[in-house]
Structure formats: C-alpha cells, structure tokens
Amino acid sequence: MTVGNAKALGLGHAVTADPPGIDSIHFNPAGLTRLKGRQMHIKGVYGLFETNYDLGGYGEYQQGLIDELLEYQYPGSNGVIPPEAEAYFYDEALNSKSSVEGPTVMLPGGMIDIPFAGGVMGGASYSPPGSNMTFATNVYAPMMSGYNRAEDDPGRFFQERGAFTLLTYFSPSVGIEISDELQVGFALNFSYAGMGLELPAREPHLLLWQYGHPWFQDNFCNDDGTPTGTPDLNLCHIVSPYISYGDLRIEADQALVMSYNFGLLWSPEPWITFGLSYNSAVKNDLDGDWEFPIDPFFNQVLLDNMNGSLWPSFQALTGALGLPLPGVAETEAQGKGGKVNVQYELPQHASAGISIQITPKWKYNFDVKWTEWSVFSDIQINFDRDIAFLMLGSIADKLLYRGQNGIEPNGVRYQLNLQDVTYWGMGTEYQYNDKLAFRLGYENRPSAVPSETPNAFIPINDGILYSVGIAYEFESENTLDFSIGYMNSKSHYPPCSADLGNGCNPNNVAYGPYQGQDLRSEVSFLLFEVLYSRYF
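Let us look at the structure shown here. None of the values given here were measured: they were computed from a predicted structure.

What follows concerns the overall build of the protein. Per the secondary structure count, the protein includes eleven helices and 24 strands. With respect to the principal axes defined by its C-alpha atoms, the protein has extents near 95 × 45 × 35 Å. Scored against the burial criterion, the 536 residues of the protein give a buried share of 53%. The long-range share in the protein, meaning contacts at least 24 apart out of those at least 6 apart in sequence, stands at 74%. With an accessible surface of roughly 23400 Å², the protein has 59% of that area assigned to carbon and sulfur atoms. Across the protein, 27 positive and 61 negative side-chain charges occur, with their mean positions spaced 12 Å apart.

With 14 residues, helix α3 (residues 60-73) should reach 20 Å at 1.5 Å per residue; the first-to-last C-alpha distance of 20 Å fits that figure. For α3, the full list of buried residues reads Q62, L65, I66, L69 and L70. Along the axis of α3, the buried positions cluster into a sector of 125°, meaning they face one direction only.

Let us now look at the pairing of strand β24 (residues 517-535). Each regular strand displays side chains that alternate between the two surfaces of the sheet. The pairing of strand β1 (residues 37-58) with β24 spans 18 bridges and is antiparallel. By the bridge assignment, T51 is partnered in β24 with V523. As judged from the 15 bridges shared by strand β23 (residues 479-493) and β24, these two strands associate in the antiparallel manner. When the sheet's bridge partners are listed, Y486 is paired in β24 with L526.

Now for the pattern of salt bridges. A pair can form between side chains of opposite charge whenever their charged atoms are brought close. Enumeration over the complete set of coordinates arrives at 24 salt bridges. A salt bridge links K7 to D18; the shortest N-O distance between them is 3.1 Å. Within this pair, whereas K7 is found in helix α1 (residues 6-10), its partner D18 is found in the loop between α1 and α2 (24-27), the two being separated by eleven residues in sequence. Judged by relative accessible area, D18 falls into the buried class, the value being 4%. Overlapping salt bridges, with partners in common, bring together K7, D18, R34, K363, E429, R439 and D481 in one network.

Two cysteines form a disulfide when their sulfur atoms are joined by a covalent bond. If you walk through the whole model with that rule in mind, you get two disulfides. Across the disulfide from C221 sits C236; the S-S distance is 2.0 Å. For the disulfide bridge between C221 and C236, the dihedral angle about the S-S bond is near -105°, and by the sign convention the bridge is left-handed. Pair noted here: C221 is in the loop between α6 (214-220) and β11 (246-269) and C236 is in the loop between α6 and β11, with a separation of 15 residues, a long-range link. Relative accessible area serves as the criterion here: at 9%, C221 is assigned to the buried category. By relative accessible area, which is 8% here, C236 ends up buried. Between the sulfur atoms of C496 and its disulfide partner C504 the distance amounts to 2.0 Å. Classification of the bridge connecting C496 and C504 rests on its S-S torsion, roughly -75°, and on that basis the disulfide is left-handed.

Turning to unusual backbone geometry, a few remarks are in order. Here N78, not a glycine, exhibits a phi torsion of approximately 55°, which is positive. Tracing the backbone through its elements, the reader meets N78 in the loop between α3 and α4 (86-89). On the accessibility criterion, N78 (68% relative accessible area) is exposed. Of note in this structure, N417 is not a glycine but carries a positive phi near 55°.

Now for the nonpolar core. With 67 residues, the main nonpolar core has I250, F298, V342, Y344 and F383 as its most contacted residues. Ranked by residues supplied to this core, first place goes to strand β10 (residues 182-201) with five residues. Residues within four places of I250 in sequence aside, it is in contact with M195, G196, L197, D289, W290, V340, V342, I381 and F383. In terms of nonpolar packing, the next biggest core, distinct from the first, is built from 20 residues, I22, F27, V45 and L465 among them.

In strand β17 (residues 378-383), alternate side chains face the same way, and those of I379, I381 and F383 are buried while those of D378, Q380 and N382 on the opposite face are not. Strand direction decides the pairing type here: strand β14 (residues 338-346) and β17, joined by four bridges, are antiparallel. For V340, the partnering residue across the bridge sits in β17 and is F383. Bridging between β17 and strand β19 (residues 411-415) involves five bridges; their strand directions are antiparallel. Counted as the bridge partner of Q380 is R413 from β19.

What follows covers helix α7 (residues 296-306). For the α-helix, the turn length of 3.6 residues means that residues three or four positions removed from each other point alike. Of the positions making up α7, those classed as buried are F298, N299, V301, L302, L303, N305 and M306. For α7, the capping residue at the N-terminal end is D295, with a side-chain oxygen 3.1 Å from the backbone nitrogen of F297.

Bringing the environment of D253 into the picture now. Mapped onto the elements, D253 comes out in strand β11. According to the relative accessible area criterion, D253 is partly exposed, its value standing at 25%. Each C-alpha atom of the pair D253 and G110 lies 8.6 Å from the other, and the pair is 143 residues apart in sequence. Dropping the residues within four chain positions of it, D253 is found in contact with M106, L107, P108, G109, Y192, A193, G194, L286 and D287.

The subject of this paragraph is the packing of aromatic side chains. Summed over the entire model, instances satisfying the criterion amount to 36 aromatic pairs. With centroids separated by 6.2 Å and ring planes inclined at 35°, the aromatic side chains of Y46 and F528 adopt a geometry described as tilted. In this pair, Y46 is assigned in strand β1 and F528 in strand β24, connecting sequence segments 482 residues apart. A ring pair is formed by F158 and Y514, whose centres lie 4.7 Å apart and whose planes are at 35°; its orientation type is tilted. One end of the pair, F158, is in the loop between β7 (140-148) and β8 (161-170); the other, Y514, is in the loop between α11 (499-502) and β24, with 356 residues separating them in the sequence. Each member of the pair F158 and Y514 is classed as buried. In this structure an aromatic cluster arises from ring pairing among Y53, F157, F158, F457, Y511 and Y514.

Each value, and the rule that gives it
Residues numbered from 1 in each chain as written. Predicted model: local features only at pLDDT ≥ 70, side-chain atom pairs only at ≥ 80, totals over all residues. Heavy atoms only, no water. Helix = DSSP H or I, 4+ residues; strand = E, 2+ residues; numbered from the N terminus. Buried < 20%, exposed > 50% of the residue type's maximum accessible area, 1.4 Å probe, protein only. Contact = heavy atoms within 4.5 Å. Areas by Shrake-Rupley, 256 points an atom, 1.4 Å probe, with all protein chains shown as cover. Lys, Arg positive; Asp, Glu negative; His and termini not counted. Charge placed at Lys NZ, Arg CZ, Asp CG, Glu CD. Expected span 1.5 Å × (residues − 1). Arc of directions from axis to C-beta. Pairing = 2+ DSSP bridges. Salt bridge = Lys/Arg side-chain N within 4 Å of Asp/Glu carboxyl O. Disulfide = S-S within 2.5 Å. Core = buried A, V, L, I, M, F, W, Y, C linked by side-chain atoms within 4.5 Å. Polar contact = N/O pair within 3.5 Å; in protein donor to acceptor, adjacent residues only side chain to side chain. Phe/Tyr/Trp six-rings, centres within 6.5 Å; stacked < 30°, edge-to-face > 60°.

Spelled out as structure tokens, the structure:
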C-alpha cells in the first residue's frame, strides 16, 4: 500500500491485468507498453493511522504467581496487596491503554519521527517514435513501516520506536510489445534498506518471580538486607518482576539492495486481458550500531553476584559445558554498545489477474495474489561481541527450550513465525464520460500470523481494504487520479496465548513483557493518494 498509486488503490490493488502507468514497474512491468511518447508522474501519499492496545487484566497463571507470594508473606491476605508491598507488585501496564503517537521512518542517518504519514514520489517513461519498447524508472516504497510511542506509554515494551524501510530510488525498466495481443516487461530495482528499533525491555518470567520470593529473604538474608553466610551469593535484592531492566537500541541500513520485477499481459480479445506479475525476494544485510543501557539498580544486582568468589567457579562449570556465563566486563560493557549486523529477507510476491471490459462504460478487475511471508519469519541480529543478557538468555534457552529461540551470546534469531499468504482483490471502474471515471475497490487481506502461533507484537491481522477513487483527463491528455482507502483490523490475545507478547511457558524464554495479561489490539487507517500524469 505504500507504493502510493491512486489508480491501484481505487481498484483494490487488482491491477495485474490493468497496470497503472509508470507504477506498472511494480504492479506489472508489461503495462509500460501502454505508455507512448515521453511521460512523467508525481504522486502524493497521506495516511491517518491509529494503532491501539488494550492491556487488560491477568489470567489464572499470572494471578496465581501473585497470590502465591502474597499468601507466603502475608498469610490470610486473600489476594489483597498491602500498602508495603504495592511497589513490588506494581505493574504500570495492568488494565491500561496504549496508543501510537505518530509515524517513524528509517532513513540514512537513523530513525526519524515525522509529523504525518506521507510523502511525494515520482517517475518517468519514454517510448521512441515507432518503437515497440518503453523505458522507464520510478521512485517508490515497496515497504515503509514504523511508528513511535511516548516514553511513558505502557505499550512501549512492544517497542517505543521502530521502523522498516525499503525505498526504491532507481528502477530501470523496459516494456516490450511483442504483438497486439502479448506484452512483457522487466524491471531492475536499486533500493535502500533500513531497520531501526528502540525497545525498553522487561520480562516478568517465573525465574524473576522466584528470585524475589520472600523465602530467600527468610533463609539467606539478615534483617538489614545483607546476605547471611558467604557474601559471594547475594539473593537479598528485592527486584520487582515488572522492572524495566534495559533499553535495546538498534539502527542498521544498507545503501544498495537489488531485486527485480517481471510481468506479462495477454489480450486474446480486445475486451479481455490476463496478467501475470512477479516481484523477487529482497535479501537484506544491514550494518549499523547498537546500544543496550541497563537500569543501574538491576545492573548492580548482577554485579554484586559477579564480584564474589563463587561466580568464577560458576563460569568455569558452564563454560566447560559450552554455555559461557557473563562476567563483570561483559555486564559493564553492554551499555556502551558497538556494531551490529542485521539479516532478513523480504518476501517474493506473485499475482495473476483478469480485466474485463464488460460494456463500453463498465470495467471489472480481479486479482489473486501470493506472498511468501514465511521467509520474513527470522530476523538474524548479530552483535560485535558477547552481551551479558544474551549470555544468560542463551543458557536458559538451551537448557529449558533446546535452543529453539535462537539466542546466542552475541546474537539472536528473532522469530516472527509467519506463514505464506494467498489473498485476492477486485475493483470496478465506471467511465462516466470521456473525461471522468469512478472506481470502487475491495481487497481481502488475511494475516500472515498463523492462528496457532499468535504474535502480539504484530498488531495488524485479518482485515478488509475498502476504497473509492476518481480519474479525470484534461484536454491535454494529462490525468489526475485520486483515491481513498480504509482498513480496520482487530486482534485478541487471551492470557498466555502468544509466546511473543503474553506467553507463560516458563521453559520458553521468548520475549513476553506482558506475561499472563489479556491483550487486544486494533489498527485502522485512512489512506489518501493522488497522482498527476502528464506528457512532456
């Protein structure tokens, strides 16, 4: 949808057999053959987006952890938290709401929060007189996604800021008219790719709940909070399981990534056209910087145990098993950051469509599309050195979950667990007179997140895109297209249902900042697109 073609939007993106001008480079390069002479276009895209979360109450699992601790420390409390324990149990996200403040984009130089979701792009084409070929290039955004939240928003643990960008800035293309019935086209895309992330982190995992259990204070601590016996193992810190322990920041990009598009059109009769189009996958290998400053109190909890004489023995034991534990150096250095490499693949996409001129005034388009979202399931993040938290997470992942989360001391394979998607769209155009046409579009957009493995970090799921548009041709044969699209998507994640988000499996150390909470999300947007095409 960020390609920004008003005709495509107005027809529910069902334009594989009815490609839209210079943007045929993306939708079906064979459509370039319909452009004669020298043409150019300029287009504007503007969106009103809302992403909201309802962060609800606890389910049985999470409430059970709280009730167990309360009953141990305050027998007979019946689940009522006394004033002196409120700080420990305080969860800012409980029964709260989260909303996105605005869009964020990743560009050369880093992430930028922008006042509105929109932009201006353009392209040009040329067909020599008497030639059966049309040449073109275009600037467009196959992917432009990102947003930001306020620093105190309770949903910031999904991400406070984040952005993915794929911006095609040069796309030399050619459309070839083989005959009146058959046309083919090819486009080579030169693009910029970037990713940015700012993620305040917390994880009320069972291990953290057990660390703060009063049993440790009763059996290993003096009344003043100092450890009894050896001071080398300090279990006396009162650490709330809802503490925000750090803030991961990543910005990485790649100035040039290559991809290609291919398409064909076949019109066995003047009133019907079939179209096929293919967009290749885009393999990204981004380089940039990372930081991971740790909350000073939480960092001191770690260092108090590492500075004792027992920690080196633990390190030697786990190291012999191939599970290195962090030391003081790694713990102190993780806040200083370093270099990062990020690898992921944006999916290949194929579409087939039909365009039927039912009457001289009515035209109907229908498309079936397929996107291989499963290849985008793994985002590999490689840091330039071992990070203390990843070293601890790697041990927990390997011992408790057979390493399935892909956590290593110096990297993590962030797993979205997406599935391939087949979907469809349709549109109709009514030619009111020689100058004015009206359009209606409908696109069924199913989620790439499997229902059996929900992911609360992806707020948008199944949705329907509705659109309307108009086209007006001036006396000079220049045209103006304008369209509006609307889409809404709602999701519900019952407590403990999404490993990434609110999962409760103590053996799975996947990131679950809202463990055991009931979560609901809603994404809606209005998209306005305008395109002006002219001869020059």
